[in-house]
Structures are given as C-alpha cells and as structure tokens.
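So you can see what is in the structure, the chains are spelled out below.
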Amino acid sequence: MARGRMRAAACAAAAAARVPGGAIGAAPGASSSSSAAAGAAAPWFCHGLDCPRFQTEGSGEGFEIRKYPASKWASTEVKGLSLDKGMSTGFMRLFHYISVRSTPLRPPSPHAPPSLPRMFFYFRLSLRLGVPSAAADHGRRQGENEAEAKIPMAAPVTVRIKPGAGPACEQDFVVSFFVPFADQASPTPATSPDIYIEEREQMDTVYVASYGGWSREDDVISNAKKLADALQKAGKAFDDSEFFYAGYDSPFRILRRHNEVWFRAPSGPAATGRGT
C-alpha cells in the first residue's frame, strides 16, 4: 500500500514537472495510398466492414496525412502498465457491449492476458454471432446495451495511448469500436458505466504510418517511434502527449494485414467526453 502511494506521488510529481510540447512524429513501413472520402468506397483494409472515411491530404517519407470527419465511437478507459493488458480489458468490455452470447468470453489462461492478435480473434468471432431467435435466445445473455441486441462489428479497433509520467506509472488507454454508419446518428447506449459514446471532433491533420504483420505491444511502440522520427525529420509539429494504434485484422488473416499508428497535429481536442 505504501509502495503504491509512493509510486502515485512520484508519477504526480513527474507529470507536474513535465513540460508540455508539440513533438514531431513519422511512420514505419509503407503508408497506405488509399483515400476514402465520406460516401466513397472504403479502403481495401476495411475488408467489407464499416470504417471511418477519410481524405488523404498528402504524404511524406514514411507517413500519410489524413483528414477525418467527426464521428462517434463506443469507448472505454483502462489504466495499466501494459498495452496488451489494457487492450485485453477494454476489448472485452466493448465485445460484451455489441455481442449476444451464452456465457462471458474469457481469456484462455487466467495467468496470461491475451495479446493484441488474440483480441482480434474475438473481433472476427463477433461477426459470426447472429441475433438468435426467441427459442434459441433462451438462457443467452444479450448485448450489454439498452436495446439488448447485437451491434454489428466495424473497423478499426483503436487504442488511444497516453503515456504515464514515468517508467513505473500507469498509462491511460482508451479502447474504441467505431460505431456503424447506420447507428452514427443515434448510437445505442451501453448499460455498463464503463462504456460511453465518444464524439470525436473532426481531425484535420492526422499523421499515419502503416505496417503489416501481427502487431504486439513492442511493434506498436517501435512503429510509433519511427513515425515520430520521420515527422521530426520532415519538420512536422505534432501532439506527442498521446498517440493512437488502429488494428483492422483477425489473427487468422495471413496476407495483406494492416496496422496503423497515428499522431495528430496540435490543433485542439479530438473528442468530447471522458476520452479527452
């Protein structure tokens, strides 16, 4: 207990001493050349799911510049030291919000929280869980939303990562599911107090780096660092107080996998509500 209070005090002191600034960031791997304006066809990496439209405003060496319109997301906040654990906790909360299931889904081992790829197993599983008939519905647990209904899965799953003030301090994660287009005007409220509807304002300048393969915590961090380095080299100012990870694929997709990391230009808040 005393150790926890000491760590919290150290983190608070470090946060107070931190000088806010606008760093610069750039992307790893090849950035996507796809552009999707509102109403246009979705980019290939959405694989037929609803996903937020964007306009490609330009590109640089190792990054793409996008503009995103305002949109709504189902979000949940998690605090912790590990991105994998934070993603696991947040993803399962949101999965329960959208899914119809007979029993709560749990990680395979109580001693090893799922990695990011394992979470996307549930991502694809959610696409297979249809709303059952009244007879088949007996004994099932409905989605944890006010309509008690299955909500279609969309893409991507994003994680907003706000680094802690020191190495032993908790990070702030906001895990989010994009609200399907049919529900954007009036998203279904959650029954869990841990889930809220986030209204992301228009993001005029988002620096995006794309990379393939199966993404774990180390991959997210290394690609975010590459993006930051590329942006600094290009002289692009960005908000270094937080960054995003966006994942689009199930772990069973072998080829054409797609992951992204994002930094925003320092132009103001990206959302209203608890996620800001």
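Conventions we followed
- Residues numbered from 1 in each chain as written.
- Predicted model: local features only at pLDDT ≥ 70, side-chain atom pairs only at ≥ 80, totals over all residues.
- Heavy atoms only, no water.
- Helix = DSSP H or I, 4+ residues; strand = E, 2+ residues; numbered from the N terminus.
- Buried < 20%, exposed > 50% of the residue type's maximum accessible area, 1.4 Å probe, protein only.
- Contact = heavy atoms within 4.5 Å.
- Areas by Shrake-Rupley, 256 points an atom, 1.4 Å probe, with all protein chains shown as cover.
- Pairing = 2+ DSSP bridges.
- Core = buried A, V, L, I, M, F, W, Y, C linked by side-chain atoms within 4.5 Å.
- Disulfide = S-S within 2.5 Å.
- Salt bridge = Lys/Arg side-chain N within 4 Å of Asp/Glu carboxyl O.

Undergrad: It is not clear to me how the overall build of the protein should be interpreted in this structure. Could you clarify?
TA: The helix and strand inventory of the protein stands at 4 helices and 10 strands. Ordered by position from the N terminus, the helices and strands of the protein form the series α-β-β-β-α-α-β-β-β-β-α-β-β-β. A buried classification covers 49% of the 276 residues belonging to the protein. Within the protein, contacts between residues at least 6 apart in sequence are counted, and of these 77% link residues at least 24 apart. As displayed, the protein offers around 13100 Å² of accessible surface, 55% of which is attributable to carbon and sulfur atoms.

Undergrad: Even after reading the chapter, I still don't get unusual backbone geometry, so can you show me in this structure?
TA: Excluding glycine, residues mostly carry a negative phi; peptide bonds, for their part, are mostly trans. In this model, A155 is joined to P156 through a cis peptide bond whose omega is -5 degrees. Mapped onto the fold, P156 is located in the loop between α3 (116-128) and β4 (157-162). Its identity as a non-glycine residue notwithstanding, H47 has a phi of 50 degrees, on the positive side. With respect to the helices and strands, the residue H47 is situated in the loop between α1 (2-17) and β1 (55-60). Notably, R256 is not glycine yet its phi reads approximately 55 degrees, a positive angle. One can find R256 in the loop between β8 (243-247) and β9 (259-264).

Undergrad: Help me out: how do you make sense of the pairing of strand β5 (residues 171-178) in this one?
TA: Remark: a regular strand shows side chains that alternate across the two faces of the sheet. Counting buried residues along β5, 7 of its 8 residues qualify, which places the element largely inside the surrounding structure. With 8 bridges joining them, strand β3 (residues 71-80) and β5 adopt antiparallel strand pairing. Bridged to E77 within β5 is V174.

Undergrad: Is there a simple way to think about the nonpolar core in this case?
TA: Soluble globular proteins tend to pack their nonpolar side chains together in the buried interior. V159, I161 and V220 are the most contacted members of the largest nonpolar core, which has 37 residues in total. For this core, the leading source of residues is helix α2 (residues 83-98), giving 8 residues. Apart from residues no more than four positions distant in its own chain, I161 is found in contact with L83, D172, F173, V220, S241, E242, F243 and Y245. Ranked by size, the runner-up nonpolar core spans 14 residues in total, among them C51, F54, A155 and M203.

Undergrad: Honestly, the state of the cysteines in this entry has me stumped. Any pointers?
TA: Simply put, disulfide is the name for a covalent bond between the sulfur atoms of two cysteines. The tally for this structure, following the rule as stated, stands at 1 disulfide. Two residues, C46 and C51, share a disulfide whose sulfurs are 1.7 Å apart. With the S-S bond torsion at 80 degrees, the cross-link from C46 to C51 turns out right-handed. Taking the relative accessible area as the measure of exposure, C51 reaches 1% and is therefore buried.

Undergrad: I would appreciate a short explanation of the pattern of salt bridges in the present structure.
TA: Any two side chains of opposite charge can pair, given that their charged atoms come close. In this structure the tally under the stated criterion is 10 salt bridges. For E64, the salt bridge identified is with R66, shortest N-O distance 3.4 Å. The salt bridge partner of E260 is R66, with a shortest N-O separation of 2.8 Å. Of this pair, E260 sits in strand β9 while R66 sits in strand β2 (residues 63-68), placing them 194 residues apart in sequence. Judged by its relative accessible area of 0%, E260 falls in the buried class. Beyond isolated ion pairs, a larger network of salt bridges with shared partners links R160, E198, R200, D239, E242 and R264.

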